[in-house]
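Chains, contacts and geometry: an overview
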Amino acid sequence: MINVFSQLQMQAGKSLGGLCLDPQNASPGPFVLGNGDFFIEIPAAYGCSYSDLTITGAMGTAMPDASELIDKAIETGVESRMCTALKVACYYLEAGLVRKPDMIITSNSCCDSMDTLGNLMNTYKPWAEVPKFIMDAPHSFDEESYIYMGKQLRQAVTFMEDVFGRKMDWDRLREVCVLSNKQDQLLLEFQELKKAVPCPANPDFSRLGFAYDRWTGERISPQITDWLEQLISATEQRVKDKLGIEGITEKVRFLWQELAGTWPPVELWGRLQQELGAIVIMDYMSFGTLTPIDLTSEEAMFTSFGKRFLLEDPMNRQCLHTTDFFCNDILQIVKDFKCDAVIIPAHIGNRDTNSRLKVVREMCREKGIPCLVLGMDIWDKRYMTPETAFDRIKTFFETTGLI
Amino acid sequence: MKSGIKSDSFEKFTVIAGSIMNPSVQECKDGGRKVLGYTCSFVPEELIIAAGMLPFRIRATDSESAGRADDYFESANICSLIRHTFGKVLNSEYDFIDGAIVGGGCDGNRHILDNWEKSPAKIAFLDRLFIPHASNNLTAEFFLGQLSGLKSRIEGYFGVTITDEKLWSAIRLCNEVRELQRELYGLRLSDNPPITGSETVAVIVAGSSMPKEEYRDDLKKLLRELQEVQVPEKKYSARIMIVGPGHDDTSMSDIVEELGGLVVNDLTCFGGKVIFGSVKEDGSDPLKALADYQVLTRPFCPKNLSAHPVINKEVFDKSKEFKVDGVIGQVFLCCETWGGEIFILNKELRDAGIPLLRIERECTADSTGQLRTRVQAFIETISGGAL
């Protein structure tokens, strides 16, 4: 019998599985291409397709021919140790496989690889005449920075209006933001339910929900709200019944201190759950700190967008800010979600994480949190195979007495 | 390669560029002048000079090992320039500085500050300056706010007052120095210049490692000497431009010039990018003049998404002006920003018929054997086997 969780997984999986080279948020309107996961409420309200080429690259690494694709990406000759997902995105672009956009919007967030992709998009010869808008994401998180980012996002809207000759419908934008706030609230409710011991549902639904909500054609639609409400209702019931994830005896809860990547959730996490009872209770795609969009004025709305962009986008939160900020998030997650351990994949393309390893290790040691650093490529399983990763994690849990 | 310059000024610059601590800095310290280090060429030296301090560009000169820095930075995935620079800090070679400003250009650079703050080498004044990643009026305005905050923190911590008058004076001084440095670069327009590319790197590096007035005077003296020198006739097999990140090491220029080529220009953070243009002196707000210069005028690091057209123009203009036969695009491993930039430039230069050799390397000089082979093949190719 197919339970509600399986149905929800299939529904979101179907939408996400269709993503790759097609525009992610397909819409009959013009097509805007970016190098980051921007303010999706704006294209949704404006009625245009929006694709993040980074996501396109990441999705590519989940394709059956991923290894071949990654090799081709390496052959393009962009920096050899660049993040693989971004390298694949560069390949898609250089190979002429990406649909020509009507407008390009790029920013430096969140990492140097994103900049490279942005630079390639902005200088790609066949798109020379495509209008381009560039934003600066500061490495700071204070009101001044949110206002600054908000101003740039507001300028981006004006730019869109100028390029496409059509004004933004501000009432529509408010409606979209109301719905978006509701969905974010639901995502946070699910996150809250994950704090229960044992964890009542596969914690990876946070990530799935986030991706479904932001990257698919159903973005910010009542369909997503319905999906999230069903998820929460089914999870609440399991919390009431004190049930854990079906078929799993929970023994270890840990923080996967990185984005999930493509192969780890499929080829590693499930096996860790099944064989060791070890659950990735939180990862950095799932971790949400979504402040509701302030709808009291246009300025407040854009400052909210700015805040979300700088502070609440998963990768920006992970990469743009200071090590202290980064460490505080780890401690907060470990505390709130009752994590027994922290596993740092140390994804090879993530310069930020790889620049903080000593400080994070020492902090974990000081706080008595078992911590394992892997050193893998979350988009290319050839760098560290699923078997090796599994063995190392298993040994780590055994030596720390967690299993 | 050595041109055979006989000059006290040049000898002095060579000594200063070849080490971290140097006699000029020691003299400043002995005289009670404070030294403020900085890690990125987008930190305006003018602000530090106006505070009565000596700006000193933090670098990794002669580093053979990143040492303890590799505990902080994962060695396989972080640019060696960052690791080796921080290694110098941990190795107490920057103990003479009284504070440091870390420019948040690239990801690695940003984390020097984070790690510095957590390390035994921590010093009381460690500050950061966010570098904009787009060049327009709004980002220049935001950068002005950043500069203003930094100015206040310097004033507060060191108990100094940075007046507009002092800032204008520092701007005039730095503009004059940049102009002299451009004059030095101009000498290599000649087919048979009195100074080589390798020697020029040393002169420019020294400029960010000693008091500016002293440097200006020594540079003027050197220029006079170079203008008067009788240069023996020499035929170079290829005129090369080097493009890439900041590197104070001369190994690439040395290789080119030992192989019979000549480095006639560059666009690096210890070269063409720091001598570019001038800060406007006719405005009412010196801090705004500095912000506008840094954000709107200079060829930015490719971390800035508006940078490419300016970099492209500069490379093409200088290639033409200096009769460049080929460009060497030098990238440190794990530097995506320059890796991407050289990738783009390569396509554009190829279309224009200008050959580019792309080199991915570590910042240390220990891999020069392989580099030599590749550079030799490149020079042979572009010079039609004239070696």
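Up top is the structure.
So, a few notes on the structure that sits alongside this text. Since this is a predicted model, take the numbers as computed values, not measurements. (Residues numbered from 1 in each chain as written. Chains lettered and ligands numbered in written order. Predicted model: local features only at pLDDT ≥ 70, side-chain atom pairs only at ≥ 80, totals over all residues. Heavy atoms only, no water.)

**Section: the packing of helix H5 (residues 80-90) of chain B against helix H6 (residues 107-117) of chain B**
Residues and elements named next belong to chain B. Filter applied, for reference: Inter-axis angles, ranging from 0 to 180 degrees, are taken between N-to-C directions of lines fitted to C-alpha atoms, where helices are fitted over the stretch in contact. By the criteria applied, helices consist of DSSP H or I runs no shorter than four residues and strands consist of E runs no shorter than two, each listed in order from the N terminus. Angles below 35 degrees are treated as roughly parallel, those above 145 as roughly antiparallel, those between 65 and 115 as roughly perpendicular, and all remaining angles as oblique. Two helices cross in a left-handed way if the nearer one is turned anticlockwise from the farther one by less than a right angle. They cross in a right-handed way if the turn is clockwise. The contact rule is simple, with two residues in contact once any of their heavy atoms fall within 4.5 Å.
Packing of H5 against H6 leaves a shortest axis separation of 10 Å and a crossing angle of 25°. Classed by the angle they form, the pair H5 and H6 counts as roughly parallel. H6 is crossed by H5, and the crossing has right-handed handedness. Taken together, the residues of H6 that come into contact with H5 (itself represented by Ile82, Thr85, Phe86 and Val89) are Gly108, Asn109, Ile112, Asn115 and Trp116.

**Things to note about the pairing of strand E4 (residues 132-135) of chain A**
Regular strands have side chains that alternate between both faces of the sheet. Residue and element names in this part refer to chain A. Filter applied, for reference: Note on pairing: two strands pair once DSSP finds at least 2 bridges between them. Handedness of a crossover is defined as follows: orient the strands so they point away from the viewer, and if the path from the first strand over the helix to the second runs clockwise, the crossover is right-handed.
The pairing of strand E3 (residues 103-107) with E4 spans four bridges and is classified as parallel. Among the inter-strand pairings, Ile104 is bridged to a residue of E4, identified as Lys132. Read from E3 through helix H6 (residues 112-123) to E4, the crossover connection turns out right-handed.

**So, helix H16 (residues 357-367) of chain A**
Within an α-helix, residues lying three or four positions from one another point in the same direction, as the helix has 3.6 residues per turn. Inclusion rule: Working definition: with a 1.4 Å probe on protein chains only, accessible area under 20% of the residue-type maximum means buried, over 50% means exposed, and in between means partly exposed.
When we look at burial in H16 of chain A, the residues that qualify are Leu357, Lys358, Val359, Val360, Met363 and Cys364 of chain A. On its buried face, H16 of chain A sits against helix H14 (323-336), strand E7 (341-344), helix H15 (351-354) and strand E8 (371-373) of chain A together with helix H4 (69-72) and H6 of chain B. Immediately downstream of H16 of chain A, the backbone of Gly368 of chain A shows phi near 70°, a positive value.

**Regarding the nonpolar core**
Put simply, the rule is: For the purposes of this section, nonpolar cores are sets of buried Ala, Val, Leu, Ile, Met, Phe, Trp, Tyr and Cys residues that join through side-chain atoms within 4.5 Å.
By size, the foremost hydrophobic cluster in this structure holds 90 residues, and its most contacted members are Phe86, Ile97, Ile101, Trp116, Ile154 and Val243 of chain B. For this core, the element with the highest residue contribution is helix H7 (residues 137-158) of chain B, accounting for seven residues. Residues in contact with Val243 of chain B, not counting those within four places in the same chain, are Leu267, Val315, Val327, Ile328, Gly329, Gln330, Trp338, Ile342 and Leu345 of chain B. Counting 84 residues, the second-largest nonpolar core is a separate cluster that includes Leu120, Phe205, Leu268 and Phe396 of chain A.

**Structural notes on the interface of chain A and chain B**
Quick reminder of the rule: Put simply, buried area is how much 1.4 Å-probe accessible surface two parts lose in total, over both of them, once they are put together. We define a salt bridge as a side-chain nitrogen of Lys or Arg found within 4 Å of a carboxyl oxygen belonging to Asp or Glu. Counted as a polar contact is a pair of N or O atoms within 3.5 Å, where, for protein atoms, one must be capable of donating a hydrogen and the other of accepting one, and residues adjacent in sequence contribute only when both atoms are in side chains. Residue polarity follows a fixed list, in which Ala, Val, Leu, Ile, Met, Phe, Trp, Tyr, Cys and Pro are nonpolar, Asp, Glu, Lys and Arg are charged, and the others, Gly among them, are polar.
Between chain A and chain B, the contact holds 54 residues from the first and 46 residues from the second. Summing both sides of the interface, chain A and chain B together bury roughly 4200 Å²; the carbon and sulfur share of this comes to 54%. Of all residues in chain A, Glu79, Asp112 and His139 of chain A give up the largest surface area on contact with chain B, accounting jointly for 15% of the area buried on that side. Run the count over chain A and chain B and you get seven salt bridges. Note that Asp324 of chain A is salt-bridged to Lys118 of chain B, the shortest N-O span being 2.2 Å. In this structure, the connection of chain A to chain B is made through 23 residue pairs in polar contact (both at pLDDT 80 or more). Looking at the side of chain A that touches chain B, the elements that each hand over two or more residues are E3, H6, E4, helix H7 (143-164), H14, H15 and H16 of chain A. With nine residues, the single largest contributor to the side of chain A that touches chain B is H6 of chain A. Within the side of chain A that touches chain B, the residues separate by chemical class into 17 nonpolar, 23 polar and 14 charged.

The quantities given are spatial measurements derived from coordinates; they are silent on function.
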